[in-house]
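Residues per chain, in single letters:
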Amino acid sequence: MRQHQRLLIVDFGSQVTQLIARRLRELNIYCEIRPYQTLDDAALRDFAPRAVILSGGPDSVTREGSPRAPDALWQLGVPVLGICYGQQVMMTQLGGAVESGHHAEFGRAFVTPAEGHKGDSIFTGLFATGREEVWMSHGDRVTALAPGFTVIGTSPGAPFAMIADEARRFYAVQFHPEVHHTTNGRILLENFTRLAGFTGDWTMASYRDEAIAKIREQVGDRQVICGLSGGVDSSVAAVLIHEAIGDQLTCVFVDHGLLRLNEAEEVVTMFRDHYNIPLIHAEESDLFIGALEGVSDPEIKRKTIGRLFIDVFQREAGKIDGAEFLAQGTLYPDVIESVSFSGGPSVTIKSHHNVGGLPEKMGLKLVEPLRELFKDEVRALGRELGLPEHFIARHPFPGPGLAIRCPGEITREKLEILRRADAVYIDQIRKHGLYDEIWQAFVAILPVKTVGVMGDGRTYDFACALRAVTSVDGMTADYYPFSHEFLGETATRIINEVKGINRVTYDITSKPPGTIEWE
C-alpha cells in the first residue's frame, strides 16, 4: 500500500491546532496531530515525518515541567516550524531565552521586516505591502535567539516575531499562521511544505483506494453492521464499506420519527434502490415519540433518544448472523477531541464512539474508515463515491433530530407543524440560491401560542423562530443576514401554508453566547 509523504503536528494544547491540519489537508498534504506526551524519541522516528510543526499552547515554557518536544526532533534532519508556544519551545531547547512579564499581544497585530532580512525560504512572498497582518495570542515572548537563528520580522510585542535557522531548516513565528485572521498564513505554510519537498499526494481518489484495501484486509470474509443515521458521515462510511465488501455489510436505519419531511423515505430509497445495500429499516416512531411526549427537559430528551436507539439497534443487529464488526462514521476531530491532554491544560471534550459502549457490549470490533478525515474531506470522498450532490451538501442535522428544535413539551402535533414549517423554510432558501452560503438553517417551534388574525377570525397558534448561521467549523457562528424582503416572504409562506403557526421570528444570536441549536 502506498506510503504518503507525512507531516507531524506536535500538539501542545492549542485550541486551534486542528486548523493547522485543516490548512495542510487543503494543500493535499497528509498530516497527523499527536499530543506531545505521546511522543518519545522512538515514536517520533517510527512516524518518520518529512517535516514537523510544533503547535501553540496555553502553558509557559518558564514553568518547571512544562511541555517539550522530543530531543530526537532536532537531529532528524527535517524542517521544523514552531508556532507561538512552539516557537518558545524551540528557543528554550536550542539555547535561546523566553521570559514572562513582558507586554502581551492578543488579537490583530502587524509584523514588519527586520533590518537586513533576506525574506526567502518560507517567508517568500511576504511583506509585499511592507508589513504583515497577523493574529497574536501570547503572554511570554522570546528575548534571546538560539545560536544559528536570525530575526526576519518584528512586532511591537514580539521582537522576534519571525525567526529562521536556514542551515538546519528550523523556522518559528510568534503568531498563528493557521487562523484566517493572519492574512498570508496560507502562503507561509505552503512555502514551508514546499521547502520540505511535499508534492501534495494526499487526494480523495488515493484515499478511497487505500481505505477500500484496508477494509478488505481488516474484515476478510466476515459480516459488518452499520448504524445508519441518514447523515453524511454514516452514509459515506456505508457506501465506502459496501464498495469494499459488498453484501457482507448490512445497514440498520433506526427511524425515530424525528426526521425532516420525507427524509426517512429518501434514505431508504437511496440505499436500497440506488446502491442496493442490504438495509434493515426499523420504523420505531411510535416507540420514540411515545416515550418523549410531555417531556420538556432537553437532557432527558437526549438521554431517552440515545437509550432507545441503542435498544432498537441492538435488537435489530442481533438478527444478523455472524456479525463481528460495527461500522461507524467517526471523523478525525472526534478522534483528536477524545484524547485527553493528561497532566496538561486541555481536557477530553467528548468520546468519539458514536454509539457509546455498544461495540464492547455486543462483542464487536470497530470499522471506522473515516477516522482520518475532516468533515469537508468526507464530503469530497462522498463525491468521489458518487453520492448525490444534494445529499452530500446537506446542512448538519443533529442526532436527536427535531426533538431539540422543539423547546418545551414534545407532542406529535408540534412535531408535524415543525416538520412542515422547516420544509417551507429550506425550500425558500434553495429558491433564492442561498443554501450553499449557509452553514445550517432550521425552524424551531416555540413553546408558546400567540393571538393572530386570519381573514376576519381570531387565531391562537404557535410561534416559530427561523435560524440560519454562517460558520467555518461550527465552533463559532454568526447569523445569516437575510434581507427583509426574504424574511417577509418566508414568514408569509409559512403562515399561509402551515396550519398551526401564526407568528414567525428570526433568531439573530451569534455563537457564542448562544449555541446553533436551541437545545
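Right above here is the structure, for reference.
First, a word on scope: everything that follows refers to the structure included in this document. The shown structure was predicted, so the numbers you read here are calculated from the model rather than taken from an experiment. Throughout this document, residue positions are counted from 1 along each chain, in the order its sequence is written. Only residues with pLDDT of at least 70 are given local features in this predicted model, and only at 80 or more are side-chain atom pairs given and counted; all residues enter the totals for whole chains, interfaces and linings. To get the side-chain values, take all heavy atoms of the structure and skip hydrogens and water.

Here the second largest pocket defines a volume of roughly 380 Å³. Only DSSP runs of H or I with at least four residues qualify as helices, and only runs of E with at least two residues qualify as strands; both kinds are numbered from the N terminus onward. Of all the secondary structure elements, the ones that give two or more residues to the lining of the second largest pocket are α7 (263–274) and α14 (412–431). The element that contributes the greatest number of residues to the lining of the second largest pocket is α14, accounting for 6 residues. By residue class, the composition of the lining of the second largest pocket is 5 nonpolar, 3 polar and 8 charged. With a 1 Å grid laid over protein atoms only, a set of points is called a cavity when a 1.4 Å probe fits there but cannot get out and a pocket when it is open yet has protein on both sides within 12 Å along at least five of seven lines; lining residues have an atom within 4 Å of a point. Grid points are joined across faces, edges and corners, and a volume is the space filled by probe spheres set on the points. Residues are grouped as follows: nonpolar covers Ala, Val, Leu, Ile, Met, Phe, Trp, Tyr, Cys and Pro; charged covers Asp, Glu, Lys and Arg; every other residue, Gly included, is treated as polar.

Moving on: the nonpolar core. Counting residues in each nonpolar core, the largest one holds 47 residues, and the members touching the most others are Tyr425, Ile429, Ile438, Ala468, Phe482, Ile494 and Tyr506. When contributions to this core are tallied by element, the ones reaching two or more residues are β13 (249–255), α8 (285–292), α9 (298–317), α14, β17 (440–454), β18 (457–470), α15 (484–497) and β20 (501–506). In terms of residue count, α14 provides more of this core than any other element does, 8 residues in total. Each nonpolar core is a collection of buried residues, namely Ala, Val, Leu, Ile, Met, Phe, Trp, Tyr and Cys, held together in the definition by side-chain atoms within 4.5 Å. Note on exposure labels: buried denotes an accessible area under 20% of the residue type's maximum, exposed denotes more than 50%, and partly exposed covers the range between, all computed with a 1.4 Å probe on protein chains only. The next biggest cluster of nonpolar side chains, apart from the first, holds 44 residues, and it includes Ile212, Val219, Leu240 and Met270.

Turning to α14, a few remarks are in order. Given a helix with a known number of residues, its expected span is that number minus one, times 1.5 Å. When the terminal C-alpha atoms of α14 are compared, their 29 Å separation across 20 residues agrees well with the 28 Å that a helix rising 1.5 Å per residue should span. All buried positions along α14 are accounted for by Lys414, Leu415, Ile417, Leu418, Arg419, Ala421, Asp422, Val424, Tyr425, Ile426, Gln428 and Ile429. Looking at the buried residues of α14, the elements they touch are α8, β17, β18, α15 and β20. A positive backbone phi angle near 70 degrees is found at Gly433, which sits one or two residues after α14. Contacts are assigned to residue pairs that have any heavy atoms within 4.5 Å of one another.

For the rest of this paragraph, the subject is empty space enclosed by the protein. Going through the model one piece at a time under the given rule, you end up with 1 cavity of 30 Å³ or more. Forming the boundary of the largest cavity are Leu126, Glu132, Val134, Met162, Phe175, Pro177, Thr182, Asn184, Gly185 and Leu188. Contributions of two or more residues to the lining of the largest cavity are made by β7 (132–138) and α4 (185–195). In terms of residue class, the lining of the largest cavity is made up of 6 nonpolar, 3 polar and 1 charged.

Let us look at the sheet that holds strand β14 (residues 279–283). Pairing within the open sheet is parallel, and its 5 strands lie in the order β14-β13-β12-β15-β16. Each edge of the open sheet is held by one strand with a lone partner, namely β14 and β16 (365–367). Across the sheet, the mean angle separating the axes of adjacent strands is 30 degrees when strand polarity is ignored. For two strands to be treated as a pair, DSSP must find no fewer than two bridges joining them. Bridge count between β13 and β14: 5 bridges; the pairing is parallel. The residue of β14 that forms the bridge with Val252 is Ile280. Against the sheet, helix α5 (residues 204–219) contacts β12 (223–228), β15 (323–327) and β16, and its axis sits at roughly 165 degrees relative to β16. Helix axes are fitted only over the stretch in contact, all axes being lines through C-alpha atoms; the angle between N-to-C directions runs from 0 to 180 degrees. Lying over the sheet, helix α6 (residues 232–245) contacts β12, β13, β15 and β16, oriented at roughly 160 degrees with respect to β12.

For the pair α5 and helix α12 (residues 375–384), the least separation of the axes is 9 Å and the interaxial angle reads 80 degrees. With respect to their mutual orientation, α5 and α12 come out roughly perpendicular. The residues of α12 that touch α5, namely those facing Met204, Ala205, Tyr207 and Arg208, are Glu377, Ala380, Leu381 and Glu384. Among the residues making up the contact of α5 with α12, the classes are represented as 5 nonpolar, no polar and 3 charged. Each angle receives one of four descriptions, namely roughly parallel if under 35 degrees, roughly antiparallel if over 145, roughly perpendicular if within 65 to 115, and oblique otherwise.

What follows covers the pattern of salt bridges. Should a side-chain nitrogen of Lys or Arg be within 4 Å of a carboxyl oxygen of Asp or Glu, the pair is scored as a salt bridge. As enumerated under the stated definition, the model contains 29 salt bridges in all. With its nearest N and O atoms 3.0 Å apart, the salt bridge here joins Asp233 to Lys375. Of this pair, Asp233 sits in helix α6 while Lys375 sits in helix α12; the two residues are 142 residues apart in sequence, bridging distant segments of the chain. Overall, Lys375 belongs to the partly exposed group, its relative accessible area being 25%. What emerges from the salt-bridge pattern is a single network uniting Glu284, Arg315, Glu316 and Lys319.

All right, on to α12 then. Along an α-helix, residues three or four apart share an orientation, since each turn contains 3.6 residues. Every buried residue of α12 is listed here: Glu377, Val378, Arg379, Leu381 and Gly382. Along its buried surface, α12 packs onto α1 (17–26), α5, α6 and α13 (389–392).

In this section: the environment of Leu240. Among the structural elements, Leu240 can be located in helix α6. Note on Leu240: relative accessible area 0%, which makes it buried. Distance from Leu240 to Ala211, taken between C-alpha atoms, is 8.1 Å for residues 29 residues apart in sequence. The residues contacting Leu240, other than those within four sequence positions of it, are Arg208, Ala211, Ile212, Ile215, Pro369, Leu370, Leu381 and Leu385.

With that settled, the discussion passes to the environment of Leu27. Counting through the fold element by element, Leu27 comes out in the loop between α1 and β2 (30–35). Classification of Leu27 as buried rests on a relative accessible area of 14%. Along the primary structure Leu27 and Glu384 are separated by 357 residues, whereas in three dimensions their C-alpha atoms are 18 Å apart. The contacts of Leu27, once residues within four sequence positions are left out, are Arg186, Leu189, Glu190, Thr193 and Gly200.

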